[in-house]
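# Structural features, examined
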Amino acid sequence: MRHKTLAGAGLLAIAALALSACAPQAPEAPSGGASEAGNDTLTIATTTDVVNYNPLIGNSRSDYWVTNLMYPHLLSIGDDGAKEAQLATEWGYVDDTTGYYEIRDDMTWSDGEPLTAEDVAYTMNAVKQDQPSGTFYGQMTNFSSATAVSDTRVEIELTQPDSSIVEEIGFWGNVVPQHVFEPAGSVAEFANDGSGGWVSAGPYLLTNVQVGQSYTMERVENYPLVEGGTPIAAKVVYRVYPDVNTEILALQSGEVDVIANSLPPAQVQQLQNTDGIEVAEVTGLGYAHMTYNMQNPDLAKVEVRQALAHAADYEAIRSVVLQGQADSTGSSPLMPVLSKYYDDSITEYAFDPDQSRQLMEDAGYTADADGMYPVSFRLIYSLQDPVTSQWAQLVKDGAAQAGIRIELQGSERNTYLSQTNDGDYDIYAGNFAIMDDPVTNFSLSYLPGGAINYTYNDDAELNALIAEASQTFDEAEKISLMQEAAKIVHEQVYDNVMYTQNLYVAYSSEWDGFISKPSELLSIVNPVSVASAFRVAE
Amino acid sequence: MSIALFVLRRLGRGAVTILFAVTVTFLLLRLLPGDPALAVASTNMTEDARAALLTQYGLDQPLPVQYVLYLGQLLQGNLGTSFTQSVPVVDVLLQRLPWTLLLTISALVLTIVIGIPLGVLAASHKNRFLDRLVQVLGVTGQSLFVPSVGILLLLVFGLTFRWFPIGGAYSEGVYGMEWYGSVLQHLVLPTVSLALIQLGSFALTMRATLIDALGDDYVTLAKANGIPPRRILWKHALRNAMLPAITLIGLQLGFVVGGAVLTETVFAYPGIGRGIYEAVTQLDFPVLQGAFLLLALTVVIANMLTDIAYGFLDPRVKTAS
Amino acid sequence: MTAPLTTTELTTPLVEPAGQRGDRASRATWRAFRRQPLGIASLAILTILVLVSVLAPILSAYPASYGTDVLRPPSATHWFGTDALGRDVFAEVIWGTQQSVLVAVAASAIAIMIGTLVAVAGAYVPRLDTFVSVVVDLTLSLPVLPLMILVAALAGPSTWTIILVVAAFSWPEVTRLVRSQALAVVKLPYIDAARLMTRNHIWIVGRHIIPAVTPVIVVSVVVTASRAVLSAAGLAFLGLGDPTTWSWGRILFEAQQSGAMVSAWWLTLFPSLAILALVLSATLLSIGYNDARNPRNHER
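Analysis parameters
Residues numbered from 1 in each chain as written. Chains lettered and ligands numbered in written order. Predicted model: local features only at pLDDT ≥ 70, side-chain atom pairs only at ≥ 80, totals over all residues. Helix = DSSP H or I, 4+ residues; strand = E, 2+ residues; numbered from the N terminus. Buried ≥ 20, exposed ≤ 12 C-beta atoms within 10 Å, placed from the backbone. Contact = placed C-beta atoms within 7 Å. Core = buried A, V, L, I, M, F, W, Y, C linked by C-beta atoms within 7 Å. Nonpolar A, V, L, I, M, F, W, Y, C, P; charged D, E, K, R; others polar. Pairing = 2+ DSSP bridges. Axes fitted to C-alpha atoms, helices over the stretch in contact; angles between N-to-C directions. pLDDT = per-residue confidence, 0-100.

### Structural notes on the overall build of chain B
Check the secondary structure of chain B and you find twelve helices and zero strands. Its helices and strands taken in sequence order, chain B reads α-α-α-α-α-α-α-α-α-α-α-α from the N to the C terminus. Counting only residues that meet the buried cut, chain B has 45% of its 321 residues in that class. A separation of at least 24 residues holds for 70% of the contacts in chain B among residues at least 6 apart in sequence.

Rendered as structure tokens:
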């Protein structure tokens, strides 16, 4: 009998030893001396997993937030929409078809290699050549090649004059280490999944990935972009919570310090009134809009589009669905946040069902016995977008008051995207997260064949204005051209811009030092902000 | 000989069930409205990748050919490529499987540990107050909606009392033996949530089988011989009731695994259930199919094990064949 | 997600004897049932819920598309509070009852029809039976919710999808329940006698077998319906429900989407209570009915 118990105990002991091998081992103590910066860990919550570590390929928010902490951008953006220096200290044009960037000379990669203009030039050329699908490549239409003329200067050649491209590439594109990416071949296929470790220019380096759970990043000691030269928090951990309710609970209980994704509008006030939680406002850089498909013969008539524009209660949408956290843009694609471009003489379409009816009559439609006109429009939206899903209903009700029938068709994201691509809709409802440069945005949105032209228009006057602006290097002139273009868009209702949403992010009162930048992609989790965050002294 | 035959038969049944699950999945995707290509190739893929996948699955071929190709892919362990993550589905799921297993097994253990005494209690107090109480509680437990229970537990024990952490499988930055403690701590609330639902049905079945067992002839004989009722209950009736209970565990597994989908979502537990939830929002069909097949496989294997265990324990089975 | 109902409780094949004192068996059942407080209470609750679903237009206006009081707790004007768009939760729950009951009834009706036909056919024609039992066992051993999710995701969100999906995965359990009773009945002497009398199998099945299994069908109606409610709510909670109609699952889904689940307790509580009420009363009713029809419980 005793043998059995002994044997059993022995087995248990062996099992325990074996099991302990399963538990993660503590990492080796980091080499290098302690810095004045602290030993704290900043824990950030996000709702989606990181699926892709290559910043050159189009990706989701979590991908962006994590890779941004490793691969720098040349330019950042300020609260007024103007581009600011980051890796690049100076930038501009040598002549109409040549641009340049002067970059800092004090940045290094975490494996010791210096970050030079060679890396910048390599990145741009590789993107142009390998065509990875994503916003970076989308900016490269007029780009021809890049050359590092010195360790700190990059010059780019253009195929035609383009006054926006230097800033757009600078803002949207990351710089990746040539010595890591080049040996891997095409950047469009390089997964960069960290076998052998990642290489980062700071402020943090990804060291540990638990898929679906957490992403641990450790401080890169030399990061000149933050005050003091070294990031304060020793570690940053991104934790994945698929459910925003659980996220909020985790913030309240202290398990996470920051929630990176913007709060649902209904939660903002509630969290503002919660002890121990701070709510920061992040300037919105995008807008929500409806576009009317002019391939539909009814919608090809400007009166009909105008009628629809006057048949939605924008105030109600902003106050109820968005809890007052959105601003009108005056129904103009030039948003107030882009202060230099904003034209306050363009005013929002008034909610006036009677005027809508008058316009319909002018267009030659007669209402039937129920007061409804013989038209019906199919409005598509993504079911995964809770805010749009909510105001679509209000739009439908408003149009009904004006006698116009709207049929709502909410679809899951893939179907919605393919419907959008195929032009399979009458009214498109959606939003853009970042519309930072008017010329680029107008080209993509209102030129025939533009990548995001959802209205299928072809207005000669508008085309001419946009083309001219893209080749105008004088800012004042460019602004007045764009304002004229915006007036045309507004009058012809090529786009019905409904609001620009201000975003709110929540963080624990135990932390401070965040630097907020516009848009959800940057907000308070942009690299400089994360590196500057510190735990408030007890 | 008969034991070997018994085991072989069970294995055979298991294999047939898996084949059935595979066939159902295959047919669903090909016969439902919508583009079947959507099931394997995402619209985001490059043309080449998409074309390659379509030939691999033979989507332009007649149905039987497609079926064979599909089976072939599965036997090679290829469950397809995730749309959102562009990695093989197998990788995505196998990382998550251990957590789901941990959660479901813990829930089942808890169910058994509490369910058996409850069933015994109810059976021995048949038709009196305690029995009615257990019956009502049991039925109520079966009728609960999982997400509501989860949120409630989170609110009360996670936020208000701060006894347990909110979500996740373990805490960051904890190593060695402490890590196990962290895993346990994170396991409690999801397990309780899942077990509460299963407990009702299990306790009720225990009760019913016990009542039946207590009505058997040998029990009457034992009573007539003067053996104390408690001994009859625990030593004889319970033992005989355990056997159907084991089979019930196997049956319950399918439902527990389904309940895990909702539980893992609410508790941010990184198992397959949560993988399903994320895949649903993205409409990542390869992951959805793969998850279903993997879960089916798990359930079938578990059922086979419990059936085989039943076969070993029940002397009647050995002599019957 | 839910657990299978206890087999022995519900499928003990009972052949209803002729009632005592010349009464019909069903009368005796009703009398026994009347004596059970739980059974009566659950019948009452169930009736109330069905009435609510039918009378919804009278009880409350259809929920507006939005309101100005967002996320207010229950008050005199809004008995169940308001949701993230300022809509009245009471109205949502009332109209949601309609959808939930509709889905439950429709899904279980379809499941019952298919399940019963399959079970009776299998019992009556022995060769079919092996095939039937294999298919039923196979389907029952699979994790059903992930499969439902897959189908619903493929087919797109709509009321009919939910109904068909739930029905498609509920009929095997009905078959299992009905089959054991049908098998017992088919072996009875009077069926053999009937077979001698006529070759009209339809008549035999319709006149003798179906009535004999009717009690089990009644039980499985309630069981399947309650299971359907939970499945439909689960699917809606995951975002696979019909976004154009109000259902209890949708209230929970929208609460979850707007991040209000933890702070606005009324959004979670009332639909959850409604689900609990429907499912619990249905299940208790079936147990009560089952107990009542057991001749051992009939009055002497």
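Anyway, onward from the coordinates.
### Here's the deal with the nonpolar core
Val 258 and Val 505 of chain A, Leu 288 and Ala 291 of chain B together with Met 148, Ile 149 and Val 229 of chain C are the most contacted members of the largest nonpolar core, which has 331 residues in total. Sorting elements by how many residues they give to this core places helix α10 (residues 201-237) of chain C first, with 17 residues. Look past the residues within four positions of Val 258 of chain A in its chain and what remains in contact with it is Leu 42, Ile 44, Ala 45, Tyr 507, Ile 524 and Val 525 of chain A.

### Describing the interface of chain C and chain B
The figure often quoted for interface size is the accessible area lost as the parts come together. Opposite the 42 residues of chain C that make contact, chain B presents 51 residues. Those elements that place two or more of their residues in the side of chain C that touches chain B are α1 (7-11), α7 (144-155), α10 and α12 (265-293) of chain C. Among the elements that line the side of chain C that touches chain B, the one with the most residues is α7 of chain C, at ten residues. Looking at side-chain class alone, the side of chain C that touches chain B contains 31 nonpolar, ten polar and one charged residues.

### Describing the environment of Val 134 of chain B
Residue and element names in this part refer to chain B. Locating Val 134 in the fold gives a position in helix α5 (residues 129-143). Judged by the 22 C-beta atoms lying within 10 Å of it, Val 134 falls in the buried class. Linking Val 134 and Leu 305, residues 171 residues apart in sequence, is a C-alpha distance of 30 Å. When neighbours within four sequence positions are excluded, Val 134 is seen to be in contact with Leu 118, Leu 121, Ala 122, Ala 203 and Arg 207.

### Section: the sheet that holds strand β6 (residues 143-150) of chain A
Residues and elements named next belong to chain A. Overall, antiparallel pairing links the four strands, which are arranged β4-β5-β7-β6 in an open sheet. Two strands close off the open sheet at either side, each with one partner strand: β4 (88-95) and β6. Neighbouring strand axes in the sheet, compared pairwise and without regard to direction, differ in orientation by 20 degrees on average. Across six bridges, the pairing between β4 and strand β5 (residues 98-103) is antiparallel. Pairing of Glu 90 across the sheet is with Glu 102, part of β5. The sheet strands contacting helix α3 (residues 117-130) are β5, β6 and β7 (153-158), and the helix crosses β6 at an angle near 165 degrees. Contacts from helix α5 (residues 165-172) reach β4, β5, β6 and β7 within the one sheet, and its direction differs from that of β4 by about 150 degrees.

### Concerning the interface of chain A and chain B
Contacts between the two partners involve 29 residues from chain A and, on the opposite side, 30 residues from chain B. Among the secondary structure elements, those contributing two or more residues to the side of chain A that touches chain B are β9 (214-219), β10 (235-240), α7 (244-253) and α13 (413-422) of chain A. Classifying every residue of the side of chain A that touches chain B by side-chain character gives eleven nonpolar, 13 polar and five charged.

### Let's talk about the confidence of the model for chain B
Residues and elements named next belong to chain B. Taken as a whole, chain B shows an average pLDDT of 79; of its residues, 88% reach a score of 70 or greater. Looking across chain B, the model is least confident in helix α12 (residues 315-320), with a mean pLDDT of 56, and most confident in helix α4 (residues 89-124), with 87. Reported confidence for the predicted complex is 0.77 by ipTM and 0.79 by pTM.

### A look at the environment of Leu 262 of chain B
Mapping Leu 262 of chain B onto the fold places it in helix α9 (residues 229-266). A sequence separation of 122 residues divides Leu 262 of chain B from Thr 140 of chain B, and the C-alpha atoms of the two residues are 18 Å apart.

### Some remarks on helix α14 (residues 438-446) of chain A
Residues and elements named next belong to chain A. A large share of α14 lies buried, amounting to eight of its nine residues. Restricting attention to buried positions, one finds in α14 the residues Pro 438, Val 439, Thr 440, Asn 441, Phe 442, Ser 443, Ser 445 and Tyr 446. The elements touched by buried residues of α14 are α5, α15 (460-470) and α16 (475-492).

### Topic: helix α8 (residues 265-272) of chain A
Each α-helix turn comprises 3.6 residues. Residues three or four places apart therefore point the same way. All of the buried residues along α8 of chain A are Pro 265, Ala 266, Gln 267, Val 268 and Leu 271 of chain A. Structurally, α8 of chain A contributes buried residues whose contacts are with α7, β12 (277-282) and β19 (503-508) of chain A.

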